[in-house]
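# Topology and contacts: notes
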Amino acid sequence: MTWHAGGVPESEPPRGAAKPPPAATLRRIERYAGGLASSAVVRMDETLPWFRALPADQRSQVMLVAQAGVRSLVEWLRSGGVVAATTQEISDEVFAAAPRALARSITLTQTVQLIKVTIDVAETEVAALAAPGEEEALLQAILKFSREIAFSAARVYARAAESRGAWDARLQALLVDALLRGDSSDVLASRAAALGWADAPPVAVVVGRSPGGDITAVLHAVYRAARRARIEVIGGVHGDRLVVVMGGATDPLATAGALAASFGEGPIVVGPAVPSLDQATESARAALAGYRAAPAWPGAPNPVAADALLPERALAGDMEARRTLRHDAYGALARAGSGLLETLDAFFATGGVLESAARELYVHPNTIRYRLKRVTEVTGLSPLDGRDAFALRIALAVGRLEPAA
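Residues numbered from 1 in each chain as written. Predicted model: local features only at pLDDT ≥ 70, side-chain atom pairs only at ≥ 80, totals over all residues. Heavy atoms only, no water.

Under the convention used in this document: UniProt positions are given in the numbering used here, feature names are shortened, and annotations may be inferred rather than shown by experiment.
If you check an unreviewed UniProt entry, the protein chain appears there as Helix-turn-helix domain-containing protein from Paractinoplanes ovalisporus. Recorded in UniProt for the protein chain, the comment headed Sequence similarities (unreviewed entry) runs: "Belongs to the CdaR family."

What follows is the structure, given as structure tokens:
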């Protein structure tokens, strides 16, 4: 090394750099580049069964990447292997041939196997590639380059995963939007297929408050909980609401409980189970209506079924809840006859006292007991239960306000 008069070195190699191989070695590698890539592909075919099963176009893409890798090795050796300055360049040069195709069809583990085979082939050819006396230096340089190319592969797959994750999140948001809007089943099916949704029955929609923060982190927590629960999920954040579509949850309410930690504070409402995603609009509408009406029932369990909130939903103006109460409760009692409606009126008017209701109707208290039991059998709601009695009273009011319907 020579020094200027001021004591500063005339030339200082970059930190992390090594002395470039002799020109003779570089010329040999350049001449043998094509053969080295071809030999690597032949070795892949011999040692990697999954590689032999690849379609011809994907095998050709691997060949292009192998050739680019050899060219990159030459440039890297010529520069003296400056790590800090070349990692990004290696990634761009080597994997630019087919980065998306590789990331879609070949896993990162398989890519590492391809790199290992290529480096193994290069190591076996060191004696033919290196100038006399430079074999060990070239071998060390190749090993160092293999580390850089492995890091570069990881960068490519990380970028592909980020891009895929962002696209999946966008698709899921669009799918949830379509559900909430009630779009056609064809729209739902096409977007679900793009996400790889298996449509495992039954399907149910869950709505609750979003915990806030980064949407990607919110959805990641949902997916992690779903994997533990062994169900399919599609999620989306809409304003302050987190909407999750569950597939394969045989007990939607219990499964929603397993996902509850992914939601923020407040009610979590589970829509009714439906056979498939193309019918999930019904579940989504019920869950949203229940979420809006849930504050009217402070003591509700959490999660709570949307159907358990029918009275609150009816009071909030949900027409589907009004129709259900009118048909399944008031209408069922009217069709059953036997004085069931009159008995309920008297029972509620007397504050739920059997004897008082009996005197009001001039019947024996046992008759009142029998009729109340019939009410439970007909509607599934017990007048003796405070919550069920509230639902029955709302059903009577709705039915009488809209008798023609």
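Don't stop here, the text continues.
### What to know about the overall build of the protein chain
Let me state the cut-off plainly: By definition, any uninterrupted DSSP run of H or I lasting at least four residues is a helix, any uninterrupted run of E lasting at least two residues is a strand, and each is numbered from the N terminus. When checking whether two residues touch, look at their non-hydrogen atoms; a contact exists if any pair is within 4.5 Å. Note that accessible areas follow from Shrake-Rupley with a 1.4 Å probe, and for residues the cover is restricted to the protein chains shown.
From N to C terminus, the protein chain includes 18 helices and five strands. Sequence separation of at least 24 residues holds for 67% of the intrachain contacts in the protein chain that already meet a minimum separation of 6. Looking at the protein chain as shown, the accessible area adds up to about 20,500 Å², and 56% of this sits on carbon and sulfur atoms.

### Examining the sheet that holds strand 5 (residues 304-305)
To be explicit about the condition: The pairing criterion for strands is at least two bridges between them, as found by DSSP. Fitting a line to C-alpha atoms yields each axis, with helices limited to the stretch in contact; the angle taken between N-to-C directions then spans 0 to 180 degrees.
The mixed open sheet is built from five strands, whose spatial order is 2-3-1-4-5. A strand with exactly one partner marks an edge of an open sheet, and here the two such strands are strand 2 (232-238) and strand 5. With two bridges connecting them, strand 4 (residues 269-270) and strand 5 associate as parallel partners. What sits directly across from Val269, in strand 5, is Val304. Contacts between helix 10 (residues 215-229) and the sheet are confined to strand 2 and strand 3 (241-247), with strand 2 contributing the most and set at about 155 degrees to the helix. Against the sheet, helix 11 (residues 252-259) engages strand 1 (203-209), strand 2, strand 3, strand 4 and strand 5, with an angle of about 130 degrees to strand 3.

### A short note on the pattern of salt bridges
Just so we agree on the cut-off: Salt bridges are defined by distance alone: a side-chain nitrogen of Lys or Arg within 4 Å of a carboxyl oxygen of Asp or Glu.
For the structure shown, the criterion picks out eleven salt bridges. The network of salt bridges with common partners includes Asp307, Arg313 and Asp318.

### Some points on the pairing of strand 3
A regular strand carries its side chains on alternate faces of the sheet. Worth spelling out the cut-off: Three exposure classes are used, based on accessible area relative to the maximum for each residue type with a 1.4 Å probe and protein chains only: buried under 20%, partly exposed in between, and exposed over 50%.
With six of seven residues buried, strand 3 lies mostly within the body of the structure. As paired elements, strand 1 and strand 3 share seven bridges and run antiparallel to each other. Directly across from Arg209, in strand 3, lies its bridge partner Arg241. Bridge count for strand 2 against strand 3 is seven bridges, and the pairing is antiparallel. Bridged to Gly236 within strand 3 is Val243. Counted between consecutive antiparallel strands, the loop separating strand 2 from strand 3 contains two residues, among which Gly239 sits at a positive phi close to 65 degrees.

### A closer look at the environment of Gly212
Within the secondary structure, Gly212 sits in the loop between strand 1 and helix 10. The class of Gly212 is partly exposed, set by a relative accessible area of 39%. With 25 residues separating them in the primary sequence, Gly212 and Val237 have C-alpha atoms 9.2 Å apart.

### Looking at the nonpolar core
The condition that has to hold: Throughout this description, the term nonpolar core refers to a set of buried Ala, Val, Leu, Ile, Met, Phe, Trp, Tyr and Cys residues connected via side-chain atoms within 4.5 Å.
Formed by 35 residues in total, the largest nonpolar core has its most connected members in Met44, Phe51, Leu77, Leu114, Leu138 and Ile142. Every element with two or more residues in this core is listed here: helix 1 (23-47), helix 3 (56-78), helix 6 (108-124), helix 7 (126-129) and helix 8 (135-181). The next biggest cluster of nonpolar side chains, apart from the first, holds 27 residues, and it includes Leu175, Val203, Tyr291 and Leu309.

### Some details on the side chain of Ser262
With respect to the helices and strands, the residue Ser262 is situated in the loop between helix 11 and strand 4. The residues touching Ser262, leaving out its near neighbours within four places in the chain, are Pro211, Ala221, Val222, Ala225 and Leu242.

### Section: helix 18 (residues 386-401)
Along an α-helix, residues three or four positions apart point the same way, because every turn accommodates 3.6 residues. Counted only if it meets this: Expected span of a helix: the number of residues minus one, times 1.5 Å. Counting of polar contacts relies on pairs of N or O atoms within 3.5 Å, with two restrictions inside protein: one atom must be capable of donating a hydrogen and the other of accepting it, and residues adjacent in sequence are counted only when both atoms are side-chain atoms.
Taking 1.5 Å as the rise per residue, helix 18 with 16 residues should run 22 Å; its terminal C-alpha atoms sit 23 Å apart, in good agreement. Here helix 18 has its buried residues at Asp388, Ala389, Ala391, Leu392, Ile394, Ala395, Leu396, Val398 and Gly399. At the N-terminal boundary of helix 18, the capping side chain belongs to Asp385, with an oxygen 3.1 Å from the backbone nitrogen of Arg387.

### Quick notes on the packing of aromatic side chains
Under the convention used in this document: By convention, a stacked pair of Phe, Tyr or Trp rings (six-membered ring in the case of Trp) has centres within 6.5 Å and planes under 30 degrees apart, an edge-to-face pair has planes over 60 apart, and any other such pair is tilted. Counted as over-ring charges are cases with an Arg CZ or a Lys NZ within 6 Å of the ring centre that also lie within 35 degrees of the ring normal.
Considering all chains together, one arrives at two aromatic pairs under this definition. Considering the side-chain rings of Phe347 and Phe348, the 6.0 Å spacing of their centres and the 55 degrees angle between planes classify their relative orientation as tilted. Here Phe347 falls in the buried class, since its relative accessible area comes to 3%. Phe348 gets classed as buried once you look at its relative accessible area, which sits at 12%. One residue, Arg387, lies across the ring of Trp297, its end atom 3.5 Å from the ring centre.

### Re the packing of helix 16 (residues 354-361) against helix 17 (residues 365-379)
How two helices pack is summed up by the angle between their axes together with the distance between the axes. Worth spelling out the cut-off: Geometric relationships in this document are graded by angle, where less than 35 degrees denotes roughly parallel, more than 145 denotes roughly antiparallel, 65 to 115 denotes roughly perpendicular, and other angles denote oblique. The classification used treats Ala, Val, Leu, Ile, Met, Phe, Trp, Tyr, Cys and Pro as nonpolar, Asp, Glu, Lys and Arg as charged, and all other residues, Gly among them, as polar.
Helix 17 packs onto helix 16 with a crossing angle of 105 degrees between their chain directions and a minimal axis gap of 8 Å. When the axes of helix 16 and helix 17 are compared, the pair comes out roughly perpendicular. Facing Leu354, Glu355, Ala357, Ala358 and Leu361 of helix 16, the residues of helix 17 in contact are Pro365, Ile368, Arg369, Arg371 and Leu372. Tallied by class, the residues present in the contact of helix 16 with helix 17 amount to seven nonpolar, no polar and three charged.

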